[in-house]
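Report on the structure
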Amino acid sequence: MVALFRRPFQLKEFLVQAWFIVKVTIVPTAFVAIPFGAVIALQTGGLIKQFGAQSFTGSAAVLAVVQQAGPIATALLIAGAAGSAIAADFGARRIREELDAMMVLGIDPIQRLVVPRVLACMLVAVFLNGLVTVVGVAGGYVFNVVLQDGTPGAYVSSFSALAQLPDLYQGMIKALVFGFLAAIVASYKGMNAKGGPKGVGDAVNEAVVITFTLLFIVNFVLTAVYIQIVPPKGM
């Protein structure tokens, strides 16, 4: 946070890292979003059908995708693809003593390398969350209409029954926080790798596992706080 406001800002490094993260995550994100939306639509559709409220299937599916599935799917891919790459990069720099050389030359590795990667992960996570949301909702629509004999009009018109605009803000904030956590954990583990190439591999594995664990814990906390601040619609 301190290095974020130091000048000069590494704009080129930021753009390079953002483009790299987009390249390694955008296609897997799109493919993961489809089954996420399909599973949610099938589960919620089957459950709601038992209560005779099929007209609310679209609203429930959208709520689940926007609040939970979108940010979590985005975070898992950011941590698995971008986070592992960041940890491996920093780990390799550590065992080659590049980071020590930068400090000897008076260059702060945090300001020069970590800040651009953290900001890139946060920015890309927000956009990927939007992609997951759109693809997930569209996939849920297709599966609800095709497999559950739902009507397109009822699915679309029920969006506003339970969902509300703050739900979208919550998903975006979650994606922003998850991207920050993934980049910070990966950077820390990579920059503290020890023991040669094996240490780099261990650092990558630890970064991914720790990030996954943190994501679910933080997701629970953010969801609990959001429910207290913004009560569900209709209450």
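First things first, this report covers the structure right here in the doc. These figures come from a predicted structure and were not determined experimentally.

Concerning the packing of aromatic side chains
The tally for this structure, following the rule as stated, stands at one aromatic pair. A centroid spacing of 6.0 Å and a plane angle of 50° characterise the contact between Phe9 and Phe14, whose relative ring orientation is tilted. Phe9 sits in the partly exposed class, given a relative accessible area of 32%. On the basis of relative accessibility, which here comes to 14%, the residue Phe14 falls in the buried class.

Describing the packing of helix α4 (residues 109-147) against helix α7 (residues 165-191)
Running from amino to carboxyl end, α4 crosses α7 at an angle of 145°, the nearest separation of the two axes being 8 Å. Judged by the twist between their axes, the crossing of α4 over α7 is right-handed. Of the residues in α7, those touching α4 at Pro109, Ile110, Val114, Arg117, Val118, Cys121, Met122, Ala125, Val126 and Asn129 are Gly171, Met172, Ala175, Leu176, Gly179, Phe180, Ala183, Ile184, Ser187 and Met191. Counted by class, the contact of α4 with α7 contains 15 nonpolar, four polar and one charged residues.

Looking at the packing of α7 against helix α8 (residues 196-229)
Where α7 contacts α8, the two axes come as close as 9 Å, and the packing angle between them is 155°. When the axis of α7 is compared with that of α8, the two are roughly antiparallel. Seen along the crossing, α7 lies across α8 with a hand that is right-handed. For the pair α7 and α8, the contacting residues are Pro166, Asp167, Gln170, Lys174, Val177, Phe178, Leu181, Ala182, Val185, Ala186 and Lys189 in the first and Ala203, Glu206, Ala207, Ile210, Thr211, Leu214, Leu215, Val218, Asn219, Leu222, Thr223 and Tyr226 in the second.

Points about unusual backbone geometry
A negative phi angle is the norm for most residues apart from glycine, just as the trans form is the norm for most peptide bonds. A positive phi is found at Glu97, a non-glycine position, where the angle reads about 65°. Among the residues examined, Glu97 registers a relative accessible area of 53% and is labelled exposed.

Let's talk about the layout of surface pockets
The space that makes up the largest pocket amounts to roughly 270 Å³. As for the largest pocket, its lining consists of 15 residues, of which Met1, Val114, Val118, Phe180 and Ile184 are closest to the centre. Only α4 and α7 provide two or more residues apiece to the lining of the largest pocket. It is α4 that contributes the most residues to the lining of the largest pocket, six residues altogether.

Examining the environment of Val200
Following the sequence through the fold, Val200 ends up in helix α8. Residue classification places Val200 among the buried positions, given a relative accessible area of 11%. Taking the C-alpha atoms as reference points, Val200 and Asp89, separated by 111 residues in sequence, lie 8.8 Å from one another. In this structure, Val200 is in contact with Ala88, Gly91, Ala92, Ile95 and Ala193, ignoring residues within four places of it in sequence.

Definitions and limits used
- In every chain, residue numbers begin from 1 and rise along the written sequence.
- Since the coordinates come from a predicted model, pLDDT governs what is reported: local features require at least 70, and pairs of side-chain atoms require 80 or more to be given and counted, while whole-chain, interface and lining totals use all residues.
- No hydrogens and no water enter the side-chain calculation; it runs on all heavy atoms of the structure.
- Here the aromatic set is Phe, Tyr and Trp, taking the six-membered ring for Trp, and pairing holds for ring centres within 6.5 Å; pairs whose planes are under 30 degrees apart are stacked, those over 60 apart are edge-to-face, and all others are tilted.
- Relative accessibility thresholds used throughout: buried, under 20% of the residue-type maximum; exposed, over 50%; partly exposed, between the two (1.4 Å probe, protein chains only).
- Comment: axis = line fitted to C-alpha atoms, over the contacting stretch for helices; angle = value between 0 and 180 degrees taken between N-to-C directions.
- Strands here are runs of E lasting at least two residues and helices are runs of H or I lasting at least four, both read from the DSSP assignment and numbered beginning at the N terminus.
- We call a crossing left-handed when the near helix sits turned anticlockwise from the far one by less than a right angle, and right-handed when that turn is clockwise.
- In this analysis, two residues are considered to be in contact whenever any of their non-hydrogen atoms come within 4.5 Å of each other.
- Ten residue types, Ala, Val, Leu, Ile, Met, Phe, Trp, Tyr, Cys and Pro, are classed as nonpolar, four, Asp, Glu, Lys and Arg, as charged, and the remainder, Gly among them, as polar.
- Put simply, angles under 35 degrees are roughly parallel, angles over 145 are roughly antiparallel, angles from 65 to 115 are roughly perpendicular, and the rest are oblique.
- Points on a 1 Å grid over protein atoms alone make up a cavity when a 1.4 Å probe fits among them but cannot get out, and a pocket when they form an open set with protein on both sides within 12 Å along at least five of seven lines; lining residues each have an atom within 4 Å of a point.
- Grid points are joined across faces, edges and corners, and a volume is the space filled by probe spheres set on the points.

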